[in-house]
Amino acid sequence: MVALTGAGISVESGIPDFRSEDGLWSRYEPMEYGHIRSFRANPRKVWKMLREMDALLGAAMPNPAHLALARLEERSLLKAVITQNVDSLHQKAGSRRVIEFHGHGRTLRCDECGGRVRRDGLILGEDPPRCACGSAMRPDFVFFGEEIPREAHGEAVEMARSCDVMLVVGTSAAVAPASHLPHLARKSGAAIIVIDPRSIELPSADIDLHIAKPAGKTLPALVEALDQLETE
Ligand code: APR
């Protein structure tokens, strides 16, 4: 199995997702705050949202859904997690093979000189964090309008092509190219299982089973059922 996760898997860790009623994009217009052009034009304004995200990410702990995926990997039932999230909660839960499709927030980088610093240890003030060269630094995650990290993209496509089952957990599948991965997996013969209380933007022809329940309940139940099978 391979898991494709989105912001919904971290909602039970206290991090709002993007497109639900009280999601981040209900407070910040995505193209105004989440696009690389907006960052370049007004880094101070975009850092207002980034500081809010950063505060949420810093305080969050893995929830039973993240822990269940780590357990499935431990049991060699899950080969990798492909995540759109930048919160590092899969790694904190113990997952080892995590493909960060949209990068991560553990380091900041300078697009002028390529300088990088670790996020933790930095005190974020009103101004954007500045590089030694004077330019505003940005988190090491992907803004709208930017390429997916090449290595992550290649690995994710390889995983989608070779899995037997793809668990699609906590993503609206609203954003390409991540949203193409389930279709790619299904075309290669995989079964697609969606875990999301709401319907998502995948064509129903691409979904074999939709468990409309929170991931924090569903994934631990899946682990328990597989443990049961094992003992039998
Ligand atoms: N368990 C499972 N799913 C949940 C839960 C939960 N407890 N809570 C919410 N969800 C679902 C929502 O119903 C929704 O379908 O998670 C999904 C979250 O969708 P989005 O908010 O669109 O987040 P995501 O799919 O990760 O967004 C993709 O868009 O804004 C960009 O780069 C950003 O990586 C992000 C990408």
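Anyway, here's the lowdown on the structure attached to this text. (Residues numbered from 1 in each chain as written. Predicted model: local features only at pLDDT ≥ 70, side-chain atom pairs only at ≥ 80, totals over all residues. Heavy atoms only, no water.)

Applying the stated criterion to the full structure yields 5 aromatic pairs. With a centroid separation of 6.2 Å and 40° between ring planes, the pair formed by tryptophan 25 and phenylalanine 144 is classed as tilted. Placement of tryptophan 25 in the loop between β1 (2–5) and α1 (30–33) and of phenylalanine 144 in the loop between β6 (138–141) and α6 (150–162) is noted, with a sequence separation of 119 residues between them. In this structure tryptophan 25 comes out as buried when scored by relative accessible area, which is 17%. Phenylalanine 144 gets classed as partly exposed once you look at its relative accessible area, which sits at 23%. Ring pairing ties together the aromatic residues Phe18, Trp25 and Phe144, which thus form one cluster. (Phe/Tyr/Trp six-rings, centres within 6.5 Å; stacked < 30°, edge-to-face > 60°. Helix = DSSP H or I, 4+ residues; strand = E, 2+ residues; numbered from the N terminus. Buried < 20%, exposed > 50% of the residue type's maximum accessible area, 1.4 Å probe, protein only.)

So, on to the site of the ligand. Lining the immediate surroundings of the ligand are 24 residues, of which Phe18, Arg19, Thr171, Ser172 and Asp196 lie closest. At a separation of 3.3 Å, an oxygen atom of the ligand approaches a polar backbone atom of glutamine 84. Backbone polar atom of glycine 170 to an oxygen atom of the ligand: 3.3 Å apart, as the coordinates give it. When the ligand is considered free in solution it has 740 Å² of accessible area, and contact with the protein chains removes 93% of it. When each cavity is represented as a set of grid points, the ligand is found to reside in the largest pocket. (Near = heavy atom within 4 Å. Polar contact = N/O pair within 3.5 Å; in protein donor to acceptor, adjacent residues only side chain to side chain. Areas by Shrake-Rupley, 256 points an atom, 1.4 Å probe, with all protein chains shown as cover. 1 Å grid on protein atoms, 1.4 Å probe; cavity = no way out; pocket = protein on both sides within 12 Å on 5 of 7 lines; lining within 4 Å. Sits in = over half its atoms within 2 Å of the grid points.)

We now examine the layout of surface pockets. Roughly 1000 Å³ of internal volume is contained in the largest pocket. Lining the largest pocket we find 48 residues, and of these Gly6, Ala7, Phe18, Arg19 and Asn85 sit closest to its centre. Top contributing element to the lining of the largest pocket by residue count: helix α3 (residues 43–59), with 5 residues. Its residues assigned to classes, the lining of the largest pocket shows 28 nonpolar, 12 polar and 8 charged. In this structure, the second largest pocket spans a volume of roughly 390 Å³. Looking at the second largest pocket, it is lined by 19 residues, and the ones nearest its centre are Asp54, Leu57, Gly105, Arg106 and Arg119. Elements with a contribution of two residues or more to the lining of the second largest pocket: α3, β4 (103–109) and β6. The leading source of residues in the lining of the second largest pocket is α3, at 6 residues. (Points joined across faces, edges and corners; volume = space filled by probe spheres on them. Nonpolar A, V, L, I, M, F, W, Y, C, P; charged D, E, K, R; others polar.)

The next subject is unusual backbone geometry. Excluding glycine, residues mostly carry a negative phi; peptide bonds, for their part, are mostly trans. Between alanine 176 and the following residue, proline 177, the backbone shows a cis peptide bond with an omega angle of 0°. With respect to the helices and strands, the residue proline 177 is situated in the loop between β7 (165–169) and α7 (181–187). In this structure, serine 76 takes a positive phi of about 55° despite not being glycine. Positive phi, close to 60°, is recorded for alanine 173, a residue that is not glycine. Tracing the sequence through the fold places alanine 173 in the loop between β7 and α7.

Moving on: the nonpolar core. With 26 residues, the main nonpolar core has Ile82, Met166 and Leu181 as its most contacted residues. Examining the composition of this core, we find that 5 residues originate from one element, α6, more than from any other. When near neighbours in sequence (up to four residues on either side) are disregarded, methionine 166 contacts Val2, Leu4, Ala160, Leu181, Pro182, Ala185, Ala191, Ile192 and Ile193. One finds Ala60, Cys110, Cys131 and Phe143 within the second-largest nonpolar core, a separate group that totals 23 residues. (Core = buried A, V, L, I, M, F, W, Y, C linked by side-chain atoms within 4.5 Å. Contact = heavy atoms within 4.5 Å.)

These results come straight from atomic positions and should not be treated as a statement about function.
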